[in-house]
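Examining the three-dimensional arrangement
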Amino acid sequence: MIQKDKIIFLLLLVFSFQVSNATIISSKTTEKKVFYFGKKLKKSKKAIVVSKSLPFDSVLGYGFDFNTATNVKVNKKSFATELPTYFSVQLPEGNYQVSVTFGSTTKNTNTTIKAESRRLMLNQQQLKKGETATKTFNVNVRFPKIDETSQIHLKDRDLGQLNWDEKLTLEFLGTVEIESISITPITDVTTVYLAGDSTVTDQDLEPWASWGQYITNYFDKNVVVANYAASGLTLRSFKAGLRLKKILSVIKPGDYLIVEFAHNDEKEKGAGIGPWDSYTASIREYVQAARDKGAIPILITPVQRRAFNADGTLNPTHGDYPDAMRKVAQEMNVPLVDITKLTTTLYESWGDEPSRKAFVQYPANTFPGQKEKLEDNTHFNSFGANEIALCVIKGLRDLNSPLAKYFLKEVPQYNPNYPNAFAKWTLPMSSRFETVKPDGN
């Protein structure tokens, strides 16, 4: 009897330790992190004081990343840089509200902030000498792991991307001076999940870009975007790679699932494959899966390719796929943004030659290591991606979607009949490049 009591006591002790340890770990992973930058700052119990340009250290858990510590000058109460600079913090998976305070007492500043794989969060905010401002935005940090037995299937080229490196990374561009960064875990926030292909995904490297990483700049702090789209995927391969399973494991009632596919689905072959068969069935499955979780599905027809006819009109290249999605939307009463029609108007408004400026079309030697010219009629540069994001916003506004109330009040009304001009696009480029085009077409 004594022996049995000892065993029970030991088991209770182990269990108590495990619970206690788990509580400690949990409290550590959910605490707010605040960083103050400057040489002359006093130590603080509430914040981490960064007094020198520390390279990122996985043991320390933060620092200036991707060999950009040498770009940084630490002043009395800030750090300054005029070259693309990354600051990373190791964090668990989740949604975070980030506040960055910036500005200079000695010079004018012009600050652009991107998060993770080049998600635009602040576009060239100019401040005069002596002015400071704080920008607050939300960032989704995600891991491939779904549960103890499954995880998203990542391609080799995905493995080095900022979206999948188990850190929250902020990129600063322009003439920048940063006083502080605070990062707070948030749970009560509407999450917009994106499922799509290369025209939607967060393109990790310049000069490629997609609308999913630019629409982030237009949402207020009540929304976070979780972009699970990936280059080269179809509705079926997105599911087979367990990306849909991952979304369904974390999506909650009141969240949104936005679905845009077709570019790669069009190339699938075999019995039962096609717009009115596998494609239609898969769209229905995604819609119902979202609804079963209490989430709100939104369908988006595919963006057009840049394919002009001799008379200046656009040649539709998606066959019956847009019509198939429109039919599902009608039959299942799903909100639909017809980006196929909006981008037809957009490209034709620009015209054949001017529209090239929205795509990855550059002469040889424009970027490091680029020996051949780039002439892509599917994938956008940052200017084109931003124009598509504005088209998506217009579509959601035209639908009177509840999601539209979360767009910043200063976001202008957009008309693809009168698109923006490339000459006025001045967003600074990131310093990380790739000359190989994304998967898919």
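Residues numbered from 1 in each chain as written. Predicted model: local features only at pLDDT ≥ 70, side-chain atom pairs only at ≥ 80, totals over all residues. Heavy atoms only, no water.

Let us now look at the packing of helix H4 (residues 275–292) against helix H5 (residues 321–332). A pair of packed helices is characterised by two quantities: the angle between their axes and the separation of those axes. In the contact formed by H4 and H5, the axes pass within 10 Å of each other and the chain directions differ by 40°. Our classification of the angle between H4 and H5 gives oblique. Handedness of the H4/H5 crossing: right-handed. Only Tyr321, Asp323, Ala324, Met325, Lys327, Val328, Glu331 and Met332 of H5 make contact with H4, whose side of the interface consists of Pro275, Trp276, Tyr279, Thr280, Ile283, Arg284, Val287, Gln288 and Arg291. Across the contact of H4 with H5, the residue classes break down as ten nonpolar, two polar and five charged. (Axes fitted to C-alpha atoms, helices over the stretch in contact; angles between N-to-C directions. Helix = DSSP H or I, 4+ residues; strand = E, 2+ residues; numbered from the N terminus. Parallel < 35°, antiparallel > 145°, perpendicular 65-115°, else oblique. Left-handed = near helix turned anticlockwise from the far one by under 90°. Contact = heavy atoms within 4.5 Å. Nonpolar A, V, L, I, M, F, W, Y, C, P; charged D, E, K, R; others polar.)

Our next topic: the sheet that holds strand E17 (residues 296–300). A sheet is described by the order of its strands in space; here five strands give the open sequence E15-E14-E16-E17-E18, paired in parallel fashion. Because the sheet does not close on itself, it has two edges, and the strands there are strand E15 (223–227) and strand E18 (336–337). As paired strands, strand E14 (residues 190–196) and E15 are joined by five bridges and run parallel to one another. Among the inter-strand pairings, leucine 194 is bridged to a residue of E15, identified as asparagine 227. Its contacts with the sheet put H4 on E14, strand E16 (256–260) and E17, and the angle it makes with E17 is roughly 155°. (Pairing = 2+ DSSP bridges.)

Packing of helix H6 (residues 339–350) against helix H8 (residues 382–398) brings their axes to within 10 Å, and their N-to-C directions diverge by 130°. Taken together, the axes of H6 and H8 lie oblique to each other. Note that H6 runs across H8; the crossing there is right-handed. Contacts between H6 and H8 involve Ile339, Leu342, Thr343, Leu346, Tyr347 and Trp350 on the former and, on the latter, Phe383, Glu387, Ile388, Cys391, Val392, Lys394 and Gly395. For the contact of H6 with H8, the class distribution of residues is nine nonpolar, two polar and two charged.

Attention shifts here to unusual backbone geometry. Note that the residue after glutamate 206, namely proline 207, is joined by a cis bond; omega there is 0°. Looking at the element boundaries, proline 207 is found in the loop between E14 and E15. For asparagine 67, which is not glycine, the phi dihedral falls at a positive 60°. Relative to the helices and strands, asparagine 67 resides in the loop between strand E3 (62–65) and strand E4 (73–74). Among the residues examined, asparagine 67 registers a relative accessible area of 77% and is labelled exposed. A positive phi is found at alanine 262, a non-glycine position, where the angle reads about 160°. Structurally, the position occupied by alanine 262 is in the loop between E16 and H4. (Buried < 20%, exposed > 50% of the residue type's maximum accessible area, 1.4 Å probe, protein only.)

Attention shifts here to the nonpolar core. Judged by nonpolar contacts, the single largest core of 47 residues is most densely connected at Trp211, Tyr347 and Leu403. Elements represented by at least two residues in this core include exactly E14, E15, E16, E17, H6 and H8. Counting residues per element, this core draws most heavily on H8, which supplies nine residues. Among residues more than four places away in sequence, those in contact with tryptophan 211 are Leu194, Thr199, Val200, Ile258, Glu260, Ile300, Ala385, Ile388, Ala389 and Val392. Counting 36 residues, the second-largest nonpolar core is a separate cluster that includes Ile146, Leu257, Met332 and Leu336. (Core = buried A, V, L, I, M, F, W, Y, C linked by side-chain atoms within 4.5 Å.)

A few words on the UniProt feature "domain: SGNH hydrolase-type esterase" (unreviewed entry) in the protein chain. As recorded in UniProt, the sites labelled "domain: SGNH hydrolase-type esterase" (unreviewed entry) are residues 196–352. Secondary structure content for residues 196–352 is 36% helix and 11% strand, and the end C-alpha separation is 26 Å. (UniProt positions renumbered as here; feature names shortened; annotations may be inferred.)

Structurally, serine 150 can be placed in strand E12 (residues 150–151). For serine 150, a relative accessible area of 11% puts it in the buried group. When sequence neighbours within four positions are dropped, the list of residues in contact with serine 150 reads Lys145, Leu242 and Lys245. For serine 150, the side chain forms a polar contact with the side chain of lysine 245, separated by 3.2 Å. (Polar contact = N/O pair within 3.5 Å; in protein donor to acceptor, adjacent residues only side chain to side chain.)

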